[in-house]
Amino acid sequence: AVVSTQSTGGEMHYFRIPQHHWIDRLTKLRAAGFTTVQTYIPWNVHMPEENTYHFSGIADVYRYLELSQRLGLTVIIRPGPFLATEWDYGGFPAWLLRDRPTLDVRRNETVFMTEVRKWYEKLLPTLVPYLYHNGGPVIAVQVENEFGSNKPCDAAHYDYLHQLRDIYRHHLGPEVVLLTVDGDSHRLAKCGNIDGLYSTVNFGAGGNIKKKFRVQRQQEPRGPYACSAFFSGWLDHWGHPFNKVSADAVASSLKDILEFSNRSASVSMYMFHGGTNFAYMQGGRGDWNNETTSMYPRLWGKMTSYDYDAPLSEAGDTTPKYWKLREVISNYSDVYPVPKNTTKQESGEVQMHLIYDILTLIQQVIPLHAPEMRVSSRYPLPMEQMGQNHGIVVYSTKLPDSMALPAQLDIQLYGDRVYVFTATGDTPVQISSRNRPYTGFTVDEREVFILVEDNGHSNTGHVRYSYQYYQKGIVGNVTANGQVLEDWDAFLVSELLPKQPYGENFNFTRLWNMLSVSPTENRYSAGKYIPSFYWGDVSGLEGDSFVEMIGWGKGILTVLGNQFYNLGRYWPLAGPQHRLFCPSEWCSGPKRGLITTFLVLELEQAPSNLTISVKDTPLVDGPYDESQT
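Within every chain, residues take consecutive numbers counted from 1 along the sequence as written. Local features are withheld for residues below a pLDDT of 70 in this predicted model, meaning they are given only at 70 or higher, and side-chain atom pairs are given and counted only at 80 or more; totals for whole chains, interfaces and linings count all residues. Side-chain numbers come from the whole structure's heavy atoms, not from hydrogens or water.

**Q** Sorry, what's going on with the overall build of the protein here?
**A** The helix and strand labels rest on DSSP assignments: H or I over at least four residues marks a helix, E over at least two residues marks a strand, and numbering proceeds from the N terminus. A tally of helices and strands in the protein yields 13 helices and 31 strands. Note on method: radius of gyration uses C-alpha positions; expected globular size equals 2.2 Å times residues raised to 0.38. In terms of C-alpha radius of gyration, the protein reaches 25 Å, essentially the compact-globule figure of 25 Å for 629 residues. Along the three orthogonal principal directions, the C-alpha set of the protein runs to about 80 × 55 × 40 Å. Burial classes: relative accessible area under 20% of the type maximum marks a residue as buried, over 50% as exposed, and values in between as partly exposed (1.4 Å probe, protein chains only). Counting over 629 residues, the protein shows a buried share of 63%. Side-chain charges of the protein comprise 55 positive and 66 negative groups, with the mean position of each set lying 6 Å from the other. Charged-residue counts in this description rest on Lys and Arg as positive and Asp and Glu as negative, His and the chain ends being excluded. Every charge is mapped onto a representative atom, which is NZ of Lys, CZ of Arg, CG of Asp or CD of Glu.

The following block contains the structure:
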């Protein structure tokens, strides 16, 4: 069966929106006249580790479905397993990159499909009560995502899609509508669909709507026209300008879609509200046209903000685009009073204080309070192999006593950004990344430290990369003067901070023990900064706000309000985002006497006055500098 009535939808992802804001965002969608909400269901949010499941807080997809139905919205869900959506690894859990050298995602390959089946055996049966024919809000389920872009389009390609279709049917039954979506070209639509899945298309504003829908009709001779992802804006990368799409152009194309085929075409706007890539969950885009080594392409990290220039801003505020689209929709659907935007709060500068530098952490704090954060091996191991899926690892080793200094240090493969330093700080930290021509490093001391930060597992699915391409940390050997270095220690720094976009189940005891170490003076002189931790308190923070990091370099911002949350990566040196969204329920501290504590891990530079600022307006379209990436 295929839903034949016109549906007007908007995409909003529960995992990018703090739970206490779900009603506000869903109500604004309905108030604009839209009747359907569409969302992905990311494997890596709900299964952050093998055999570990999470469905509470910001990950409570069932509550999101229930709230949608209560507000009069139907739902289209997109459980993947591949999502893209500028999300880490396209929604795949990064633990797949551990002990699975034959892994071949998005193929009917035994290792991959075994894990897919485990995940779906957990997820899909729980969604059955929410299906429309069972009295729930879910009117359709999308299988995979833009699979026609996956290469090569061969027999094995289609075999994988057949396997997914059969798994979905087995768990969800024969009545549910199963969809696919692909770009508006005949090749993509043909490679992305098989019998038993209803083909839809996606496209942006402008162009000939009839021509775009003709692509869908070639795959589906009968049934409703549907654009499952009509782009309201566009995605953004660090070091690039913020993308904007004209509100007038989006409104005009939306009207054309809704008028098409005697007002029978359906549409879902991607995004209606983008939200935020909290913690380490933003994805990356590989670029094989600009290779910097023989094996690795450049990797453009997505921004923490997923504002997307959508009708609702990152913080859920209505924009001029929202009101233009509401006016269009009012000719096809009832509209309702729009809730006021949430209160934003500014509290000025927050004085930060040095806790300790990264060497103090790994030399003194980890051995005393968290020895499990240290991993020893003969050769350096990828981040995922050591049980850390995201963030930062510091590797250390010693050069042989017989080796002449200074020495030329070379790292064979790494993902994605490297900081090389020594214990005394006589040599400034040396920085390199996959986006820069590789030149190696010079070290003049025997004890060497290599900090590696991941900038997001690639979320693009149109190119078949090698297994090593996706791994993070040091992924090959390290040599000094051509000699392979052995006997490594690795320190899993990001185990100290929340790694997922939720604050539950965090080890507070270990955190406080580690932060209780006496503060240290920065051992490095001016111009020789070493990555360091800082803290600062602010009182009376109750509304949504934006934390400005101008003057700082690149790092991670976390906040302790009611719980400990990871607000995500900041990178004002690269831009264009200079302020991170701080949701009220995360950043206020009523259980702590309205005291909010910010904890910063800064990798590159700290301002001389050591302050951050809490603002009441966002800044996602500020200055940018590609050379910093």
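**Q** So what exactly am I meant to see when it comes to the packing of aromatic side chains here?
**A** For any pair of aromatic rings, geometry is given as the distance between the ring centres together with the angle between the planes. Classification of ring pairs uses Phe, Tyr and Trp, with its six-membered ring standing for Trp, and accepts pairs whose centres are within 6.5 Å; under 30 degrees between planes counts as stacked, over 60 as edge-to-face, and the remaining range as tilted. Following the criterion strictly, the structure yields 39 aromatic pairs and no others. The ring of Y53 is capped by K122, whose NZ or CZ atom sits 4.9 Å from the centre of that ring. Comment: the charge-over-ring label is applied if NZ (Lys) or CZ (Arg) is within 6 Å of the ring centre and within 35 degrees of the ring normal.

**Q** Sorry, what's going on with the state of the cysteines here?
**A** Structurally, a disulfide amounts to a covalent bond that connects the sulfur atoms of two cysteines. Sulfur atoms of two cysteines make up a disulfide when they are within 2.5 Å. For the structure on display, the rule yields two disulfides. Through a disulfide, C153 is tied to C191; the S-S separation comes to 2.2 Å. Measuring the twist about the S-S bond at about -110 degrees, one finds the C153-C191 disulfide to be left-handed. Note that C153 is positioned in the loop between β4 (138-142) and α5 (155-172) and C191 in helix α6 (residues 186-191), a separation of 38 residues in sequence.

**Q** How do you make sense of the pattern of salt bridges when you look at a structure like this?
**A** Pairing between side chains of opposite charge can happen when their charged atoms approach one another. By convention in these notes, a salt bridge is any Lys or Arg side-chain nitrogen within 4 Å of a carboxyl oxygen on Asp or Glu. For the coordinates displayed, the defined rule picks out 27 salt bridges. The shortest N-O distance in the salt bridge between K118 and E115 comes to 3.8 Å. Taken together, the residues K118 and E115, both in helix α4 (residues 110-127) and three residues apart, mark about one turn of the helix. K118 sits in the partly exposed class, given a relative accessible area of 38%. Using a relative accessible area of 7% as the deciding quantity, one classes E115 as buried. Taken together, the salt bridges that share partners define one network made up of E50, R100, E115 and K118.

**Q** Any chance you could explain unusual backbone geometry here in plain terms?
**A** Peptide bonds are trans in most cases, and residues, glycine excluded, mostly fall at negative phi. Note that the residue after Y270, namely M271, is joined by a cis bond; omega there is -5 degrees. Mapping M271 onto the fold places it in strand β8 (residues 266-273). Across the junction of L405 and P406, the peptide omega takes the value -5 degrees, indicating a cis bond. Here P406 is to be found in the loop between β14 (392-398) and β15 (407-411). The phi dihedral of R106 is positive, around 60 degrees, even though this residue is not glycine. Position of R106 relative to the elements: it lies in the loop between β3 (74-78) and α4. On the accessibility criterion, R106 (3% relative accessible area) is buried. With a phi angle near 55 degrees, D309 is a residue other than glycine that sits in the positive phi range. Tracing the sequence through the fold places D309 in the loop between β10 (298-301) and α9 (320-329). Residue classification places D309 among the buried positions, given a relative accessible area of 16%.

**Q** Would you take a moment to explain α9 for this structure?
**A** In an α-helix, one turn spans 3.6 residues, which is why side chains three or four residues apart end up on the same side. Within the span of α9, buried status applies to K321, Y322, L325, R326, V328 and I329. The buried residues of α9 all sit within an arc of 160 degrees when viewed along its axis, so they share a single face. The exposed residues of α9 that point more than 90 degrees off its buried face are P320 and E327. Any two residues having at least one pair of non-hydrogen atoms within 4.5 Å are treated as being in contact. The elements touched by buried residues of α9 are β1 (8-12), α1 (22-31), α8 (247-263) and β8. Each C-beta atom gives one direction from the helix axis, and the arc is the one those directions make.

**Q** Please explain the sheet that holds strand β18 (residues 430-433) as it appears in this structure.
**A** Sheet strands pair via backbone hydrogen bonds, and the direction of the pair is either parallel or antiparallel. At least two bridges found by DSSP between two strands is the condition for calling them paired. The strand order across the open sheet formed by six strands is β13-β24-β14-β20-β17-β18, and the pairing between neighbours is antiparallel. The sheet terminates laterally at β13 (374-377) and β18, the two strands that pair on one side only. Taking the axes of each pair of neighbouring strands and ignoring which way they run, one obtains an average angle of 20 degrees across the sheet. Two elements, β13 and strand β24 (residues 488-491), share four bridges in a ladder whose sense is antiparallel. Each residue of the ladder has a partner; that of V375, found in β24, is A490. Axes, fitted as lines to C-alpha atoms, cover a helix only where it is in contact. Angles between the N-to-C directions of the axes lie from 0 to 180 degrees.

**Q** Please clarify how the environment of I411 should be interpreted in this entry.
**A** Note that I411 resides in strand β15. C-alpha separation for the pair I411 and T422, spaced 11 residues apart in sequence, amounts to 16 Å.

**Q** What's the story with the sheet that holds strand β19 (residues 441-443) in this structure? I'm lost.
**A** Taking strand neighbours across the sheet as the criterion, the four strands line up as β19-β15-β22-β23 in an open arrangement whose pairing is antiparallel. One side of each edge strand has no neighbouring strand; the edge strands of this open sheet are β19 and β23 (483-484). Both β15 and strand β22 (residues 478-480) contribute to a ladder of three bridges, which runs antiparallel. Bridge pairing in β22 places I411 opposite V478.

The analysis is restricted to geometry; functional conclusions fall outside its scope.
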